[in-house]
Amino acid sequence: MATLNRTFLGMRVWPASMLKTYFPFLLSGTTAYFLFNFAAVKMLDDPTDKWANIVENVRQASKQQALKNEAADWYNAQIAKKEGTH
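The structure reproduced in this document is the subject of the present report.

Cut-off values and rules
- Residues numbered from 1 in each chain as written.
- Predicted model: local features only at pLDDT ≥ 70, side-chain atom pairs only at ≥ 80, totals over all residues.
- Heavy atoms only, no water.
- Helix = DSSP H or I, 4+ residues; strand = E, 2+ residues; numbered from the N terminus.
- Expected span 1.5 Å × (residues − 1).
- Bend = angle between axes of the 7 residues up to and from the residue.
- Polar contact = N/O pair within 3.5 Å; in protein donor to acceptor, adjacent residues only side chain to side chain.
- Phe/Tyr/Trp six-rings, centres within 6.5 Å; stacked < 30°, edge-to-face > 60°.
- Buried < 20%, exposed > 50% of the residue type's maximum accessible area, 1.4 Å probe, protein only.

Structural notes on helix H1 (residues 18–44)
The end-to-end C-alpha distance of H1, which contains 27 residues, comes to 37 Å, matching closely the 39 Å that a straight helix rising 1.5 Å per residue would cover. Considering bend angle alone, the principal kink of H1 is centred on Pro-24 and spans about 45°. Between a side-chain oxygen at the N-terminus of H1 and the backbone nitrogen of Leu-19 the separation is 3.3 Å; the capping residue is Ser-17.

So this is what it looks like as structure tokens:
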């Protein structure tokens, strides 16, 4: 009777299921990945982060003020043109 000698890249291989062997590691790794991802997203989306909210409010106000300044300059130029033609 011939013996079956299983080898893979020169190493002896035993017939075992990958899932059965590594199931606890796959499960714990997947759980850890999703829990850490969940925690990171929750920390980044924290509505009580006052400093980030203040900085964002200042940026938005600066953009709005720049638009108001451009509109005021355009309006003053139109008034000056109108007064110059009369």
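So that's the structure; there's more coming.
Focus: the packing of aromatic side chains
Tallied over the full model, the rule gives two aromatic pairs. A centroid spacing of 6.4 Å and a plane angle of 55° characterise the contact between Tyr-22 and Phe-25, whose relative ring orientation is tilted. Linking Tyr-22 with Phe-25, this pair stays in helix H1, spanning three residues, or about one helical turn. Classification of Phe-25 by relative accessible area gives exposed; the value is 60%. A centroid spacing of 5.2 Å and a plane angle of 80° characterise the contact between Tyr-33 and Phe-34, whose relative ring orientation is edge-to-face. Judged by relative accessible area, which is 53%, Tyr-33 ranks as exposed. The exposure class of Phe-34 is exposed, given its relative accessible area of 51%.

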